[in-house]
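So the chains spell out like this:
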Amino acid sequence: MTRSYRIGVLPGDGTGPEVVREGLKVMEAVRQGFDVELEEFDLGGERYLRTGEVLPDEELARLGEMDAIFLGAVGHPDVVPGILERDLLLRIRFELDQYVNLRPVVRYPGVQTLVPSHTEDDVNFVVVRENSEGLYSGAGGFHRKCTAHEVAVQESINTRHGVERIVRYAFELAMRPDRRRTVTLVHKTNVLTYAGDLYQRVVDEVATEYPKVQTDYVHVDAACVYLLDMPSRFDVIVTDNMFGDIITDLGAMIQGGMGIAAGGNINPRGVSMFEPIGGTAPDHAGKGTINPLAAIGAMEMLLSQLSEAEAAGRIDAGIRFATTKMASMRAGEMGCSTPEVGDLVAEGATA
Ligand code: IPM
Ligand code: MN
């Protein structure tokens, strides 16, 4: 029987639909031996402005029935910051318990970056960002809001269960044949003496079960220096939600920009969601100038999560072909249009 997957497609706002189209086009080009059934979800800023709805419960339930979710981008200049982030994106991540935010940082051939001295071999690591708790848990509140004595508390929630599962995921990943068996904890244990202490203890404990994996620790501020100065020291980075959010944008810049940075929100036993990590780029929306490689890379990750390794591998080859032909990774400076980049990847993937 042919394998078949239901993929929830959430194009979203801004350039989301354009890059999603290219991701689906490339998937169709490499699809062999399996079927897909696409179900489109109209969610995002446009829908919210039209109907006042962010994520109705029935739609969340339907997302939970998919085999995987492919997301473009959500965000809208006319929507107050916080609504779509918390009630759509973070709600999906939390309610589907996508506790791993996996962000590979790979420098593809021919890609110019902000750090010209880096070679392709220097930049090849993956950030395992905790994706279900920490400062993102939403715990906290105001006291005496809008008075001179206002207090705003934003708590970082770190559970033994949450820390242990993300650390285990990092160690398992480090053991894969394509990795270099090093796990680096990035935190700020010298100041965050409770949360950091829990992370460090869990890393030390789990490490005893993986004698072949080396462990390392770097403070998050120093990690920013190493990411620029010596990225080759990193193989698998494990870190909390907030630090992971910040360092993966830096990671994107050393791999060539937001235009090629892909990520996955993974529930290893449930429904995972894959997305380009950049935003909606409203200035480029509808112009065919946005780089779809991040979305195409997200599709590669999606297929790999579904164990369609061959199709994923072909997309990887296609991306590597495309990057050597493009003038730049920057939106508007690629030397070709958004659909042409998709065509290049499809060409390289099926060569
Ligand atoms: C990301 C984004 C989100 C995050 C925002 C939009 C909530 O910055 O995916 O990195 O902070 O996780
Ligand atoms: Mn971010």
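Residues numbered from 1 in each chain as written. Chains lettered and ligands numbered in written order. Predicted model: local features only at pLDDT ≥ 70, side-chain atom pairs only at ≥ 80, totals over all residues. Heavy atoms only, no water.

Let us now look at the overall build of the protein chain. The helix and strand tally for the protein chain stands at 11 helices and 12 strands. Here the C-alpha atoms of the protein chain give a radius of gyration of 20 Å, agreeing with the 20 Å that 2.2 N^0.38 yields for 351 residues. Once the C-alpha set of the protein chain is aligned to its principal axes, its extents read approximately 55 × 50 × 45 Å. For the protein chain, the proportion of its 351 residues judged to be buried stands at 53%. For the protein chain, long-range pairs separated by at least 24 residues make up 75% of all intrachain contacts whose partners lie at least 6 apart in sequence. With the model as given, the accessible surface of the protein chain reaches about 15500 Å², and the carbon-plus-sulfur share is 50%. Positive and negative side-chain charges of the protein chain, numbering 33 and 52 respectively, have mean locations separated by a distance of 3 Å. (Helix = DSSP H or I, 4+ residues; strand = E, 2+ residues; numbered from the N terminus. Rg over C-alpha atoms; globule rule 2.2 N^0.38 Å. Buried < 20%, exposed > 50% of the residue type's maximum accessible area, 1.4 Å probe, protein only. Contact = heavy atoms within 4.5 Å. Areas by Shrake-Rupley, 256 points an atom, 1.4 Å probe, with all protein chains shown as cover. Lys, Arg positive; Asp, Glu negative; His and termini not counted. Charge placed at Lys NZ, Arg CZ, Asp CG, Glu CD.)

Now for the layout of surface pockets. There is about 820 Å³ of room inside the largest pocket. Lining the largest pocket are 35 residues; nearest its centre among them are Pro 104, Val 106, Asp 178, Arg 179 and Glu 300. Of all the elements in the fold, those that place two or more residues in the lining of the largest pocket are strand 4 (100–106), strand 5 (124–130), helix 5 (160–174), strand 11 (262–266), helix 9 (293–305) and helix 10 (309–325). Its residues assigned to classes, the lining of the largest pocket shows 19 nonpolar, 7 polar and 9 charged. When residues of the lining of the largest pocket are assigned to domains, at least three map to each of domain 1 (1–98 + 261–351) and domain 2 (113–255). (1 Å grid on protein atoms, 1.4 Å probe; cavity = no way out; pocket = protein on both sides within 12 Å on 5 of 7 lines; lining within 4 Å. Points joined across faces, edges and corners; volume = space filled by probe spheres on them. Nonpolar A, V, L, I, M, F, W, Y, C, P; charged D, E, K, R; others polar. Domains from an automatic or database assignment.)

On the basis of which strands lie adjacent, the open sheet formed by 10 strands has the order 2-1-3-12-11-4-5-10-8-9 and mixed pairing. Strand pairing shows two members of the sheet lacking a second neighbour, strand 2 (34–40) and strand 9 (214–219), which therefore form its edges. The average angle at which neighbouring strand axes cross in this sheet is 25°, direction not considered. With 3 bridges connecting them, strand 4 and strand 11 associate as antiparallel partners. Bridge pairing in strand 11 places Leu 102 opposite Gly 264. Where helix 1 (residues 16–30) meets the sheet, it contacts strand 1 (3–12), strand 2, strand 3 (68–73) and strand 12 (272–276), and its direction lies at approximately 140° from that of strand 3. (Pairing = 2+ DSSP bridges. Axes fitted to C-alpha atoms, helices over the stretch in contact; angles between N-to-C directions.)

The next point concerns helix 7 (residues 220–229). The set of residues buried in helix 7 consists of Val 220, Ala 223 and Leu 227. For helix 7, the angular spread of buried residues about the axis comes to 40°, placing them on one side. The outward face of helix 7, more than 90 degrees from its buried face, is lined by the exposed residues Val 225 and Asp 229. For helix 7, the secondary structure elements touched by its buried residues are strand 5, strand 8 (182–187), strand 9, strand 10 (236–239) and helix 8 (241–255). (Arc of directions from axis to C-beta.)

This next bit is on helix 10. Given a rise of 1.5 Å per residue, 17 residues ought to cover 24 Å, and the 25 Å separating the end C-alpha atoms of helix 10 matches this to within 8%. Taken as a whole, helix 10 has its buried residues at Ala 311, Ala 312, Ile 315, Asp 316, Gly 318, Ile 319, Ala 322 and Thr 323. The buried residues of helix 10 occupy an angular sector of 165° when the element is viewed end-on, so they sit on one face. Along helix 10, exposed side chains directed more than 90 degrees from the buried face belong to Ala 309, Glu 310 and Lys 325. Those residues of helix 10 that are buried are in contact with helix 1, strand 2, helix 9 and helix 11 (338–350). (Expected span 1.5 Å × (residues − 1).)

Another point: the domain arrangement of the protein chain. The extent of an interface is frequently quoted as the accessible surface area lost upon association of the parts. Here the protein chain is partitioned into domain 1 (1–98 + 261–351) and domain 2 (113–255). Between the C-alpha centres of domain 1 and domain 2 the distance comes to 24 Å. Contacts between the two partners involve 13 residues from domain 1 and, on the opposite side, 14 residues from domain 2. Here domain 1 packs against domain 2, burying approximately 940 Å² in sum over the two surfaces, 47% of which is carbon and sulfur. Viewed at the interface, domain 2 and domain 1 are joined by 4 residue pairs in polar contact (both at pLDDT 80 or more). Contributions of two or more residues to the side of domain 1 that touches domain 2 are made by helix 4 (83–95) and strand 11. Among the elements that take part in the side of domain 1 that touches domain 2, helix 4 stands out by supplying 4 residues, more than any other. (Buried area = accessible area lost by both parts, 1.4 Å probe. Polar contact = N/O pair within 3.5 Å; in protein donor to acceptor, adjacent residues only side chain to side chain.)

Neighbouring residues of ligand 1: Glu 85, Leu 89, Arg 93, Arg 103, Arg 129, Tyr 136 and Asp 245. Between ligand 1 and Arg 129, the relevant distance is 2.8 Å, taken from an oxygen atom to a side-chain nitrogen or oxygen of the residue. A distance of 2.6 Å is found between an oxygen atom of ligand 1 and a side-chain nitrogen or oxygen belonging to Tyr 136. Across the complex, the protein chains shield 76% of the 320 Å² of accessible surface that ligand 1 would expose by itself. At 3 residues, the largest contribution of residues to the shell around ligand 1 is made by helix 4. Looking at the shell around ligand 1, its residues break down into 2 nonpolar, no polar and 5 charged. If you count residues domain by domain, the shell around ligand 1 takes at least three from each of domain 1 (1–98 + 261–351) and domain 2 (113–255). (Near = heavy atom within 4 Å.)

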